[in-house]
Amino acid sequence: MFFSFVFISNFAKNININKRNMKKIILLLLPAVVLFSCKGTVSEGFKVSGIIKNATGKKLILNKFTSEATIKLDTVLLNEKGEFSFQNSTSSPELFSLQLQDEPSYILFIADSLDIIEINSDANTYRSKYSVSGSEHSVLLKEMYDHLDVTFEKIDSLNKLYIENKGNANIDSLQKSIGEQYTKLLEEHKTYAKDFIDKNIESPAVIMALYQSIGPRQQIFTLENDRDYFVKVSESLSALYPESDFVNGLVMLLENNPPVKGKPKVGTTAPEISQPTPEGKTITLTSLRGNYVLLDFWAAWCRPCRAENPTVLKNYNKYKSKGFTIYQVSLDQKKEDWVKAIEKDGLGDWTHVSDLQYWQSVPAAKYGVRSIPSNFLLDPEGVIIAVDLRGPSLGQKLTEIYGF
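Now for a quick tour of the structure.

**Focus: the packing of helix 5 (residues 223–240) against helix 6 (residues 245–256)**
Then step 1. In the contact formed by helix 5 and helix 6, the axes pass within 10 Å of each other and the chain directions differ by 140°. In terms of their interaxial angle, helix 5 and helix 6 are classed as oblique. Here helix 5 and helix 6 pass one another in a crossing that is left-handed. The residues of helix 6 that touch helix 5, namely those facing Leu223, Arg227, Phe230, Val231, Val233, Ser234, Leu237 and Ser238, are Val247, Leu250, Val251, Leu253 and Leu254.
Then step 2. In terms of residue class, the contact of helix 5 with helix 6 is made up of 10 nonpolar, 2 polar and 1 charged.

As structure tokens, this is what we get:
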């Protein structure tokens, strides 16, 4: 089970948060930036200092995140007391981190131009238990993480419960109960996150609330379903902090991903698709009416799609006898790559179609698909009842439908 901040912009690609390896961040090395007065002392800027217990002799690195990269700004060697102090310059609130040697966890904080921030922790409980003061934005950031940690612990308990009872006779009813609890936890956390954003709309900390996810694919907020929150945060913060690269990363995200026009919504009838199979036979989506159908967009070259296929296959095998099937649309360009991936992933039992037009795929355009994997679950009448069910979400939805 992972936590990650999922962006589409370059800024997002530089941050990935893992509960066991929390805040593991890609680093690009650039020289430290320090401003000196004529007397050789730092004339202005923020300061972050504190104590990291049980870390004597280890290196502590100060990193900064930009829309293009993660920058290593400075490094100190912790003394016997674990004391550290960094001083750097920024003209607006930006996102930084403290990276401890041999520790996969990162402490993220937001620093403004003249902040004097204190962060204390212990190498044994580095990211999970730390204190921060001197920066209201950083205090809010920690508040959000604390709630995220609590939500994760509850979900992790559900996972452990399932594993412990996997071989029991009542596993189907237990799985249904676990699925319902999981969905409730996600809904409760999203309610908290919305309230957090609304209350703190003038703090850059809310940007991270937008980017959080539980699991590698289970985003709390998505541009597709929650664009109003992304826009609200972007408009508020860009007016307050127009020079902040951290804020501009969100602005870039919205500019690079305009709203998809004509994308079918839940509750509407799925538009018709008529495409050829690898054998050249044309099969329509409506020909599968009477079944629950997962309309799944993927490609052989898409690693996240290939990683998702085992989950799709598992659910297909579990429910195919109950009227569940799959209509899988490929965005490949080469037929041989497409067919090879079908065979390698063991997907041959359901319907496969493609016009082999890559991102010019006619079905993808009709459904407003701009990233893959992407899917739509249709009821027996062809009405869309859910979108983008990934990871455990697909199994949980099918459990709701079939009762096991």
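**Considering the pattern of salt bridges**
Then step 1. As enumerated under the stated definition, the model contains 9 salt bridges in all.
Then step 2. Its salt-bridge partner being Asp198, residue Lys232 comes within 2.8 Å of it at the nearest N-O pair. Taken together, the positions of Lys232 in helix 5 and Asp198 in helix 3 (residues 171–199) put the pair 34 residues apart, joining distant regions of the chain.
Then step 3. Residue Lys232 is classed as partly exposed on the basis of its relative accessible area of 34%.
Then step 4. Asp198 sits in the partly exposed class, given a relative accessible area of 38%.

**Things to note about the nonpolar core**
Then step 1. Core analysis: the largest hydrophobic core is formed by 66 residues, its most contacted members being Leu60, Phe84, Leu98, Phe109 and Ile119.
Then step 2. If one sorts the elements of this core by residue count, helix 3 sits on top with 10 residues.
Then step 3. In contact with Ile119, other than residues within four places in its own chain, are Val48, Ser49, Gly50, Ile51, Phe84, Leu98, Ile107, Phe109, Tyr130, Ser131 and Val132.

**Observations regarding the sheet that holds strand 5 (residues 46–53)**
Then step 1. One open sheet holds the 4 strands; their spatial order is 8-5-11-12, and the pairing between them is mixed. Two strands in the sheet have a free side with no partner beyond their single neighbour: strand 8 (83–88) and strand 12 (130–133). If you compare each strand with its neighbour and ignore which way they point, the axes differ by 15° on average.
Then step 2. Bridge analysis of strand 11 (residues 116–122) against strand 12 gives 4 bridges, and the strand direction is antiparallel. Bridge pairing in strand 12 links Glu118 to Ser133.

**A few points about unusual backbone geometry**
Then step 1. Geometrically, the link from Ile372 to Pro373 is a cis peptide bond, its omega value of 5° lying close to zero.
Then step 2. In this fold, Pro373 is placed in the loop between helix 9 (362–366) and strand 19 (374–378).
Then step 3. Phi is positive for Asp102, which is not a glycine, with a value near 65°.
Then step 4. Positionally, Asp102 belongs in the loop between strand 9 (94–100) and strand 10 (106–111).
Then step 5. We note that Tyr358 has phi near 55°; this positive angle belongs to a residue other than glycine.
Then step 6. Mapped onto the elements, Tyr358 comes out in the loop between strand 18 (351–353) and helix 9.

**Let's talk about helix 6**
Then step 1. Between its terminal C-alpha atoms helix 6 stretches 16 Å, which fits the 16 Å expected from 12 residues at 1.5 Å a residue.
Then step 2. The set of residues buried in helix 6 consists of Phe246, Val247, Gly249, Leu250, Val251, Leu253 and Leu254.
Then step 3. Where helix 6 begins, the capping side chain belongs to Ser244, and its oxygen is found 3.3 Å from the backbone nitrogen of Phe246.

**Brief notes about the sheet that holds strand 18**
Then step 1. Taking strand neighbours across the sheet as the criterion, the 5 strands line up as 18-17-16-19-20 in an open arrangement whose pairing is mixed. Among the strands making up the open sheet, the edge pair consists of strand 18 and strand 20 (384–387). The sheet shows a mean angle of 20° between the axes of neighbouring strands, direction not considered.
Then step 2. Judged from the 3 bridges that link them, strand 19 and strand 20 form a sheet pairing that is antiparallel. Within strand 20, the residue paired with Phe376 across the bridge is Val387.

**Quick word on helix 5**
Then step 1. For helix 5, built from 18 residues, the straight-helix expectation of 26 Å at 1.5 Å per residue is missed by more than 12%, its first-to-last C-alpha distance being only 22 Å.
Then step 2. Of all the bends in helix 5, the greatest, near 35°, is centred on Tyr229.
Then step 3. Among the residues making up helix 5, those that are buried are Leu223, Asp226, Arg227, Tyr229, Phe230, Val233, Ser234, Ser236 and Leu237.

Reading guide: rules and limits
- Residues numbered from 1 in each chain as written.
- Predicted model: local features only at pLDDT ≥ 70, side-chain atom pairs only at ≥ 80, totals over all residues.
- Heavy atoms only, no water.
- Axes fitted to C-alpha atoms, helices over the stretch in contact; angles between N-to-C directions.
- Helix = DSSP H or I, 4+ residues; strand = E, 2+ residues; numbered from the N terminus.
- Parallel < 35°, antiparallel > 145°, perpendicular 65-115°, else oblique.
- Left-handed = near helix turned anticlockwise from the far one by under 90°.
- Contact = heavy atoms within 4.5 Å.
- Nonpolar A, V, L, I, M, F, W, Y, C, P; charged D, E, K, R; others polar.
- Salt bridge = Lys/Arg side-chain N within 4 Å of Asp/Glu carboxyl O.
- Buried < 20%, exposed > 50% of the residue type's maximum accessible area, 1.4 Å probe, protein only.
- Core = buried A, V, L, I, M, F, W, Y, C linked by side-chain atoms within 4.5 Å.
- Pairing = 2+ DSSP bridges.
- Expected span 1.5 Å × (residues − 1).
- Polar contact = N/O pair within 3.5 Å; in protein donor to acceptor, adjacent residues only side chain to side chain.
- Bend = angle between axes of the 7 residues up to and from the residue.

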